[in-house]
Structure formats: structure tokens, C-alpha cells
Amino acid sequence: MFGTVLTVAYTALLAYILWRATSVPLFSRRPSKKTFIVLGAGLWVTFVLGRFIGHDGTGPLATMLEFFGMTLLGTVFLTSVVLFVVDLGTAFGRVLSKWAPTLRGWAIVTGLCLSVFAMIQGHRAPVVSSYEVSLPGLPASLDGRVVVALSDAHMGSQLGEQWFAARLSQIQALQPDLVVFLGDMFEGHGRSPQDIPALRRLTAPLGKWYANGNHESHGHGEISSIEGSPLERAGFRRLADEWTELAPGLVLAGVNDLTNHERRALDGDPMARALVDRPASATVLLSHTPWQADRAAREGVGLMLSGHTHGGQIWPFGYLVSLAYPYLAGRYDIQGMTLIVSRGTGTWGPRMRLWHRGEIVKVVLRGKLSE
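Notes on the structure follow. This structure is a prediction, so every number in the text was calculated from the model and none was measured.

Points about the overall build of the chain
Tallying secondary structure elements over the chain gives twelve helices and twelve strands in all. At 23 Å, the chain has a C-alpha radius of gyration in line with the 21 Å of a compact globule built from 371 residues. Projected onto the principal axes, the alpha-carbon positions of the chain cover approximately 75 × 50 × 40 Å. Across the 371 residues in the chain, those meeting the buried criterion constitute 54%. Taking contacts inside the chain between residues at least 6 apart in sequence as the whole, the part at least 24 apart equals 73%. Total accessible area on the chain is roughly 16800 Å²; 61% of this is exposed by carbon and sulfur atoms.

Structural notes on the packing of helix H4 (residues 60-89) against helix H5 (residues 100-123)
Between H4 and H5, the shortest axis-to-axis distance is 8 Å and the interhelical angle comes to 140 degrees. Taken together, the axes of H4 and H5 are oblique relative to one another. The two elements H4 and H5 cross, and the hand of that crossing is right-handed. On the side of H4, the interface is formed by Phe-67, Thr-71, Gly-74, Thr-75, Leu-78, Thr-79, Val-82, Leu-83, Val-86 and Asp-87, while H5 contributes Leu-103, Arg-104, Ala-107, Ile-108, Thr-110, Gly-111, Leu-112, Leu-114, Ser-115, Ala-118, Met-119 and His-123. Class assignment of the residues belonging to the contact of H4 with H5 gives a composition of twelve nonpolar, eight polar and two charged.

What about the sheet that holds strand E11 (residues 337-341)?
What the six strands build is an open sheet, ordered E6-E7-E8-E9-E11-E10; its pairing is mixed. What marks the edges here is a single partner per strand, and that holds for strand E6 (242-247) and strand E10 (330-334). Neighbour-to-neighbour, the strand axes of this sheet turn through a mean angle of 20 degrees, independent of strand direction. Strand direction decides the pairing type here: strand E9 (residues 303-306) and E11, joined by four bridges, are parallel. Bridge assignment links Leu-305 to a residue of E11, and that residue is Ile-340.

Notes on the side chain of His-308
Tracing the chain through its elements places His-308 in the loop between E9 and helix H12 (317-324). A polar side-chain atom of His-308 sits 3.1 Å from a polar atom in the side chain of His-288. Beyond its immediate stretch of four places on either side in the chain, His-308 contacts Ser-151, Asp-152, Asn-214, Thr-259, His-288, Thr-289, Pro-290 and Tyr-325.

Some thoughts on the pairing of E9
Every second residue of E9 is oriented toward a common face, with Leu-303 and Leu-305 on one face and Met-304 and Ser-306 on the other, all of them buried. Judged from the three bridges that link them, strand E8 (residues 282-287) and E9 form a sheet pairing that is parallel. Paired with Leu-286 across the strands is Leu-305, a residue of E9. Each parallel crossover has a hand, and for E8 linked through helix H11 (residues 293-298) to E9 it is right-handed.

Considerations on the pairing of strand E7 (residues 250-255)
Within E7, six of the six residues are buried, leaving the element largely enclosed by the surrounding structure. Sheet topology places E6 next to E7; five bridges connect them, and they run antiparallel. Across the sheet, Trp-243 pairs through a bridge with Ala-253, a residue of E7. Between the end of E6 and the start of E7, which pair antiparallel, lie two residues, with Gly-249 showing a positive phi angle near 95 degrees. Note: E7 against E8, six bridges, orientation parallel. Directly across from Gly-254, in E8, lies its bridge partner Leu-286.

Digging into the packing of aromatic side chains
Taken as a whole and judged by the stated rule, the model has twelve aromatic pairs. Consider the rings of Trp-315 and Trp-355, whose centres lie 6.0 Å apart with planes at 45 degrees: the pair is tilted. Of this pair, Trp-315 sits in the loop between E9 and H12 while Trp-355 sits in the loop between E11 and strand E12 (359-367); the two residues are 40 residues apart in sequence, bridging distant segments of the chain. Residue Trp-315 is classed as partly exposed on the basis of its relative accessible area of 36%. Judged by its relative accessible area of 41%, Trp-355 falls in the partly exposed class.

Structural notes on unusual backbone geometry
Here the bond from Trp-315 into Pro-316 is cis, since omega is 5 degrees, no more than 30 degrees from zero. Looking at the secondary structure, you find Pro-316 in the loop between E9 and H12. Residue Trp-355 is reached from Leu-354 by a cis peptide bond, and omega for that bond is 10 degrees. We note that His-310 has phi near 60 degrees; this positive angle belongs to a residue other than glycine. Within the secondary structure, His-310 is located in the loop between E9 and H12. For His-310, a relative accessible area of 7% puts it in the buried group. A positive phi angle, near 50 degrees, is found at Gln-335, a position not held by glycine. Position of Gln-335 relative to the elements: it lies in the loop between E10 and E11.

Thoughts on helix H6 (residues 161-173)
A rise of 1.5 Å per residue sets the reference length of H6, with its 13 residues, at 18 Å; its end C-alpha atoms lie 18 Å apart and thus fit the reference within 8%. Here H6 has its buried residues at Trp-163, Phe-164, Arg-167, Leu-168, Gln-170 and Ile-171. Buried residues of H6, viewed axially, fall in a sector of 155 degrees; they line one side. Turned more than 90 degrees from where H6 packs its buried face, Gln-162 and Ala-173 sit exposed. Along its buried surface, H6 packs onto strand E1 (127-135), strand E2 (146-150), strand E3 (178-181), helix H7 (197-201) and E12. Where H6 terminates, the next one or two residues include Gln-175, which has phi positive at roughly 50 degrees.

The rules behind the values
Residues numbered from 1 in each chain as written. Predicted model: local features only at pLDDT ≥ 70, side-chain atom pairs only at ≥ 80, totals over all residues. Heavy atoms only, no water. Helix = DSSP H or I, 4+ residues; strand = E, 2+ residues; numbered from the N terminus. Rg over C-alpha atoms; globule rule 2.2 N^0.38 Å. Buried < 20%, exposed > 50% of the residue type's maximum accessible area, 1.4 Å probe, protein only. Contact = heavy atoms within 4.5 Å. Areas by Shrake-Rupley, 256 points an atom, 1.4 Å probe, with all protein chains shown as cover. Axes fitted to C-alpha atoms, helices over the stretch in contact; angles between N-to-C directions. Parallel < 35°, antiparallel > 145°, perpendicular 65-115°, else oblique. Left-handed = near helix turned anticlockwise from the far one by under 90°. Nonpolar A, V, L, I, M, F, W, Y, C, P; charged D, E, K, R; others polar. Pairing = 2+ DSSP bridges. Polar contact = N/O pair within 3.5 Å; in protein donor to acceptor, adjacent residues only side chain to side chain. Right-handed = clockwise from strand over helix to strand, strands pointing away. Phe/Tyr/Trp six-rings, centres within 6.5 Å; stacked < 30°, edge-to-face > 60°. Expected span 1.5 Å × (residues − 1). Arc of directions from axis to C-beta.

Shown next, in the form of C-alpha cells:
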């Protein structure tokens, strides 16, 4: 279903670009309409092959098809956005009619340049975003402990094991006391890895923990840990609507992905199950989707760590994403609770980012400062 929606959207945007390109002076004098039709058909077929064959396939050919198909999707999106801004500014040629065709040509060039820049950003290593968080109830003995969070790695055909191992090296270099994965570690289609040696080498005194994201249940009727098995074999423990006491005075809780829970109309209340009957301690909550933050704050959570949004990944798509996820990226104060939403470590779909690179989140826990 989602693949069909993407295909329809891509087709409409591609048709719009080609339609407007025919009026650009450079193009209108040289290529025939037949050339545009052939070009459009080629670009459409490439995307469809990437989406429906490359997406679920394995091997070099599938990887190549998916890469080109998803890159085309990002490029067509960015180019159509710039072109539409020009069309709005010129009232689709009714204003500045003499210059409008030339401006459309520059819009197409600008869209292509933005796409190249987004590809460069998408291929760069993620940055480390550092925060200090005052956590009510944190014992003095735990002051200064370092939590490192990784979200939305989307390891798969586009972001492979070598790329993922480099991210784990980044994490270990931060000397974490606690490592948490916030979901969507694996893309969830094609062949999933069974063992990742670099995960075994990752160490943290307070342990390695994870909560499921929406991609961990792709292809399954209910939330599953099948995709999480490489994590479990490497010593990670899953928090599935439950909590654990890491040390006296510090609780770590985790919920199964809230978007999955809503979309699949699953029974129960993940947030309630994850926080019920825990001791009166400083609490850190892992929730892939940054929903129900107000409720978590009312329940006494001191720090909530989330991902899922990718920060919009490709500007200006974030404005649309924020309609469903108002807490898009960064740090928020929610009734005294700190919410940190990671913009993700990897990418979904196009390996492109505009404007911000991916990130790994580092949090230094501090005891509540006395008034």
C-alpha cells in the first residue's frame, strides 16, 4: 500500500517537472516532446524497479536498483518543490511572463544542486549531539553518567554492516556508561543480518538496551523481536513495555513502538505497562515515537529519548512530518521532563539529508540542582 502511494506521488511530481521543463527556453528549442516522453518513461521505470524489485530483493543488482530509485525520489521531490515556488511566485507564468520560463530553468538547476548537496550530507558520518540533563531523584553516585543513544540506523542494503560498525566505533569512543538503541536499527526488508561482531565488542557498565521501532515489525502480524535477534545475541536486552532498575535510584523503561500500536489497533496500554509499579527513582524512558510525552511527564519520567521522525530528513519535508509529530528533533521541556528526539543516525529511503546530518545522541546525567 505504502509503495503504491510513493509511486503515485513520484509519478505526479515527475510529470509536473517534465511539463514545466518543456517551457524552459534551453529545452523547448532542442529536445522534442517525444524525447521528454522517453526520458520520463525511463525515470519512471527506474524508480518502479527500485521500489518493487530492489526494495525487497538481495544482492548487488537489488542494492543498485534501490539506490537509484530512492535517489530519484529525493531528487524529484526537491526539484518539484523549488519549481513550484517559482510557479507560485510568477502565478504560473502570468506574472513576469517574459522571465518565468528562464526562472523555471534555474529552479530545475537549483533543485538538482540541492539534491547533490543532500546526497553528500546523507553519506557523511553522523555528528555527536551532546546534552546535559538534570534528572530529579538521581543519586549523587550516578551524577555524570553518560548515556549514548542511537536511533533509526536503518541498516540494510543501502547502509551496510561496515557503515554500522563505524557508528558503533563512534559510540564506544564516547565511553558510555549506558548504551540505548531507540528502534529501527534494521531496515526490515530483504535479508536481515544474523550476527554483527561489532555489536559484541560494544561495552557499557550499565548495559546495552533497546526498544523496538516500527521497522522491527515489518512483514509480521504483530510487534516482533525477529529483527532484533542480532542485538540480543550481542548482549542487548529489549524493554518491551517494561522497566528495569539499572542501579539503586535509576530506572530505565521502554515501550514498544507507539505508531505500530495505533496502526495495528493492538490491545493494551504500552505506556502504562512500561511505568507501572516502578520504584520512586530517576526514570529514563525509551520510546521510538515521540508521542505521549505529556503523559510520561505526568508519570514522573525525568528523561524521554525518542527518534522516528528523522528530523524530516529532507527539507522542507519536515514541515509535513511535524503535523503528525510536533516534537520533530532536538531538546524539549515537557512539564519539567526533558524530551530529546534524535533526528536519526541513518536514512530511510533516499540516502539524502537536507540540511542536517544524522546524529548520535550523548546525554550526561546530572542530579537535580538544589534551589
